[in-house]
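Structure assessment
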Amino acid sequence: MTRVIVHAGYHKTGTTSLQDFMAANRETLAPVLAYYGKMEFLGAGADARIYAQRPYPWRLARFRRSLRKFLKSIPDHELIVLSRETFSGGMPGHHQVGGALMTSYFGPSLKLAHAIVAELRRRFGESVEITFFYTTRAREAWIRSVYGHLLRSIRLTEDFETFRGHFPALASPTEEAQRMAGALAPIPVAIAALEDWGHTAEGPAGALLDLARVPGDLRARLTPVARANEGQTPEIQAAFLDLNRQAMSKSALREAKAALIDAGHSGN
């Protein structure tokens, strides 16, 4: 029987660090699991994100076709791990078609999860054992990280307090994951907080390795990786905000931000 762990989110909860660790140790882990990250299914990952922004049925169908094509291309394995934060949809703070602000993962996330379950059963049979895995983060640290990411990635012109005011009843990633656990039952859902794992040598990947029941002797041979996407300083966030407020073309704005990052400042 095939077992599949779907690491489906959330953004800004240590996902890149987890994915970098798993990718760097893919060959060592190969005897016990087959790992596939965002670089292996760029099409399905992008289609999931686009569906959250444009939640039309045909967009969801397109995601299913992309995922089906990917799953058909991979060999059988006793344990398969899929990791892509866009499997929960789009990051809050972005806008849906029509301009509505995305303030929750839940609606698109649940429909994407049901589509993932259907395609995994189509590929591996009804007996496939599926577990959804969500990494989380404390609410205020998370929304500050989301804000920093959006400052860098889009032309966000609001200061943090104005931006935060759009989310008076914002659910934390933990609350989002708990809601998914209730909606997906009896499919099991595992949750791991970045605060519990970020300081460890394995980082949040350690929670995934626990879930995958990777034996200790093999884990001792795994190679640590540098922490990914460390937060921006207040100074660099202020610089991004200033650039976003200037009248310049998209290409010029991208180049100016890239110059700041190349000067030694990390993204959020």
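In this report, we go over the structure that sits alongside the text. (Residues numbered from 1 in each chain as written. Predicted model: local features only at pLDDT ≥ 70, side-chain atom pairs only at ≥ 80, totals over all residues. Heavy atoms only, no water.)

1. Looking at the overall build of the protein
A tally of helices and strands in the protein yields 13 helices and five strands. The C-alpha atoms of the protein give a radius of gyration of 19 Å, which matches the 18 Å a tight globule of 268 residues would have. The burial tally for the protein puts 49% of its 268 residues in the buried class. Just so you have it, the protein exposes about 12,500 Å², and 53% of that area is on carbon and sulfur atoms. Charged side chains of the protein number 33 positive and 26 negative; the gap between the two group centres comes to 8 Å. (Helix = DSSP H or I, 4+ residues; strand = E, 2+ residues; numbered from the N terminus. Rg over C-alpha atoms; globule rule 2.2 N^0.38 Å. Buried < 20%, exposed > 50% of the residue type's maximum accessible area, 1.4 Å probe, protein only. Areas by Shrake-Rupley, 256 points an atom, 1.4 Å probe, with all protein chains shown as cover. Lys, Arg positive; Asp, Glu negative; His and termini not counted. Charge placed at Lys NZ, Arg CZ, Asp CG, Glu CD.)

2. Concerning helix α3 (residues 42–53)
Along its twelve residues, α3 runs 17 Å from first to last C-alpha, staying within 8% of the 16 Å computed at 1.5 Å per residue. Looking at α3, one finds that the buried residues are A44, G45, D47, A48, I50, Y51, A52 and Q53. Residues of α3 that are buried sit in contact with α4 (57–73) and α5 (106–124). (Expected span 1.5 Å × (residues − 1). Contact = heavy atoms within 4.5 Å.)

3. Let's talk about a nonpolar patch on the surface
Residues Y56, W58 and V97 make up a contiguous nonpolar surface patch of roughly 300 Å² in combined accessible area. Following the sequence through the fold, W58 ends up in helix α4. (Patch = residues over 30% accessible without salt bridge, like charges linked within 9 Å, V, L, I, M, F, W, Y side chains within 5 Å. Salt bridge = Lys/Arg side-chain N within 4 Å of Asp/Glu carboxyl O.)

4. Here we look at the packing of helix α12 (residues 234–244) against helix α13 (residues 250–262)
In the contact formed by α12 and α13, the axes pass within 10 Å of each other and the chain directions differ by 165 degrees. Relative to α13, the element α12 is oriented roughly antiparallel. Crossing angle aside, the handedness with which α12 passes α13 is right-handed. Residue-level inspection shows I236, A239, F240, L243 and N244 of α12 in contact with α13, the latter providing L253, A256, K257, L260 and I261. Split into classes, the residues belonging to the contact of α12 with α13 amount to eight nonpolar, one polar and one charged. (Axes fitted to C-alpha atoms, helices over the stretch in contact; angles between N-to-C directions. Parallel < 35°, antiparallel > 145°, perpendicular 65-115°, else oblique. Left-handed = near helix turned anticlockwise from the far one by under 90°. Nonpolar A, V, L, I, M, F, W, Y, C, P; charged D, E, K, R; others polar.)

5. Considering unusual backbone geometry
Cis geometry marks the peptide bond from G9 to Y10, where omega comes out at 5 degrees. Turning to its location among the elements, Y10 is positioned in the loop between β1 (3–7) and α1 (15–24). Not every positive phi belongs to a glycine, and R213 is a case in point at roughly 60 degrees. Tracing the sequence through the fold places R213 in the loop between α10 (205–211) and α11 (216–219).

6. What about the pairing of strand β3 (residues 79–83)?
Most of β3 sits out of view: five of its five residues are buried. Residues L79, V81 and S83 line one face of β3 and the alternating positions I80 and L82 line the opposite face, and both faces are buried. Inspection of the sheet shows β1 paired to β3 by five bridges, in the parallel sense. Along β3, the bridge assignment pairs V4 with I80. Bridge count between strand β2 (residues 34–36) and β3: three bridges; the pairing is parallel. In the strand pairing of β3, Y35 is matched with V81. (Pairing = 2+ DSSP bridges.)

7. As for the nonpolar core
The biggest cluster of nonpolar side chains holds 54 residues, and the ones touching the most others in it are V6, F63, L82, F87, L120 and F132. Considering every element that reaches this core, the biggest residue donor is α5, with nine residues. In contact with L82, other than residues within four places in its own chain, are V4, I5, V6, H7, Y36, F41, F70, L71, F87 and L120. Within the second largest apolar cluster, 20 residues are counted, among which are L29, A192, A207 and L208. (Core = buried A, V, L, I, M, F, W, Y, C linked by side-chain atoms within 4.5 Å.)

8. Here we look at the packing of aromatic side chains
Describing an aromatic ring pair means giving the distance of the ring centres and the angle of the ring planes. Applying the stated rule across the entire model yields eleven aromatic pairs. Residues F163 and F167 carry aromatic rings whose centres are separated by 5.1 Å and whose planes lie at 55 degrees to one another, so their mutual orientation is tilted. Just as F163 is buried, F167 falls in that class too. Through pairs of rings, three or more aromatic residues link up here, namely Y10, Y105, F132, Y134 and W142. The ring of F160 carries the charged tip of R144 above its face, separated from the ring centre by 4.0 Å. A cation over a ring is seen here: R179 above F106, with NZ or CZ 3.7 Å from the ring centre. (Phe/Tyr/Trp six-rings, centres within 6.5 Å; stacked < 30°, edge-to-face > 60°. Lys NZ or Arg CZ within 6 Å of the ring centre and 35° of its normal.)

9. What about the layout of surface pockets?
In this structure, the second largest pocket encloses a volume near 370 Å³. Along the walls of the second largest pocket sit 16 residues, with S153, I154, R155, L156 and L253 positioned nearest its centre. Taken together, the elements giving at least two residues each to the lining of the second largest pocket come down to α6 (139–153) and α13. Per-element accounting of the lining of the second largest pocket gives the leading share, four residues, to α13. (1 Å grid on protein atoms, 1.4 Å probe; cavity = no way out; pocket = protein on both sides within 12 Å on 5 of 7 lines; lining within 4 Å. Points joined across faces, edges and corners; volume = space filled by probe spheres on them.)

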